[in-house]
Amino acid sequence: MTEASRIIAGAILLTIVTIQFGGYFMTKIVRGQVPMTDFQKSFARAGHAHAGVLVILSLVGLLYVDQTSLDGVMLWVARLAIPAAAILMSGGFFASSAGKDRTQPNQFLWVLWLGAASLALGVLTLGIGLIVA
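Each value, and the rule that gives it
- Here the residue index of a chain counts from 1 through its sequence in written order.
- It should be noted that, the model being predicted, local features are given only for residues of pLDDT at least 70 and side-chain atom pairs only at 80 or more, the latter also being counted only at that level, while totals for whole chains, interfaces and linings use all residues.
- Excluded from the side-chain calculation are hydrogens and water; included are all heavy atoms of the structure.
- The rule is short: rings of Phe, Tyr and Trp, with Trp giving its six-membered ring, pair when the centres are within 6.5 Å, and they are stacked under 30 degrees, edge-to-face over 60, tilted in between.
- Only DSSP runs of H or I reaching four residues or more are called helices, and only runs of E reaching two or more are called strands; each is numbered from the N terminus.
- Relative accessible area decides the class of each residue, using a 1.4 Å probe on protein chains only: under 20% of the type maximum gives buried, over 50% gives exposed, and in between gives partly exposed.
- UniProt positions are given in the numbering used here, feature names are shortened, and annotations may be inferred rather than shown by experiment.

A. Fine view of the packing of aromatic side chains. A full pass over the atoms with the stated rule returns three aromatic pairs. Their ring planes at 45° and their centres at 6.1 Å tell us that Phe21 and Tyr24 sit as a pair that is tilted. Taken together, the positions of Phe21 and Tyr24, both in helix α1 (residues 3-30) and three residues apart, correspond to about one turn of that helix. Looking at Phe21, the relative accessible area reads 55%, which means it is exposed. Consider the rings of Phe43 and Phe93, whose centres lie 5.1 Å apart with planes at 80°: the pair is edge-to-face. Highlighted residues: Phe43 in helix α2 (residues 38-65) and Phe93 in helix α3 (residues 72-96), separated in sequence by 50 residues. The class for Phe93 is buried, based on a relative accessible area of 10%. Among the aromatic residues, those joined into a cluster by ring pairs are Phe39, Phe43 and Phe93.

Listed below in structure tokens is the structure:
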């Protein structure tokens, strides 16, 4: 593993503590200790789940990125676009459902779609990079 990938993997692992805190917060939500609409509960669940899954996918991707022949910008896209998607997609779910008694997404829904684009860019770049290596 290259030094860059090792450092990024270490930083990603540190984010798991925030996901753990989110899990604790989810237990408060499902016990009714945090007032939320059904829509907000659904988006909180989705944000938490996307964070966990995409962080793991980010770590797996870093194991593969150094096996490609990618270089320059494309190498960094393959390294960073998936972890960025984890932040953007989960953040998009949380931000777009913020506000008292909200029953539909607010103006921050675009953050979720930016994360989806980042995920697509990252997995396509890494996948193609692995195929042509």
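B. Representation of the UniProt feature "transmembrane region" (unreviewed entry) in the protein chain in the model. The positions UniProt marks with the feature "transmembrane region" (unreviewed entry) are residues 6-25, 46-64, 76-96 and 108-132. Across residues 6-25, helical content stands at 100% and strand content at 0%; the span's end C-alpha atoms are separated by 30 Å.

C. Quick peek at unusual backbone geometry. A positive phi is found at Asp101, a non-glycine position, where the angle reads about 60°. Structurally, Asp101 is set in the loop between α3 and α4 (109-132). Judged by its relative accessible area of 55%, Asp101 falls in the exposed class.

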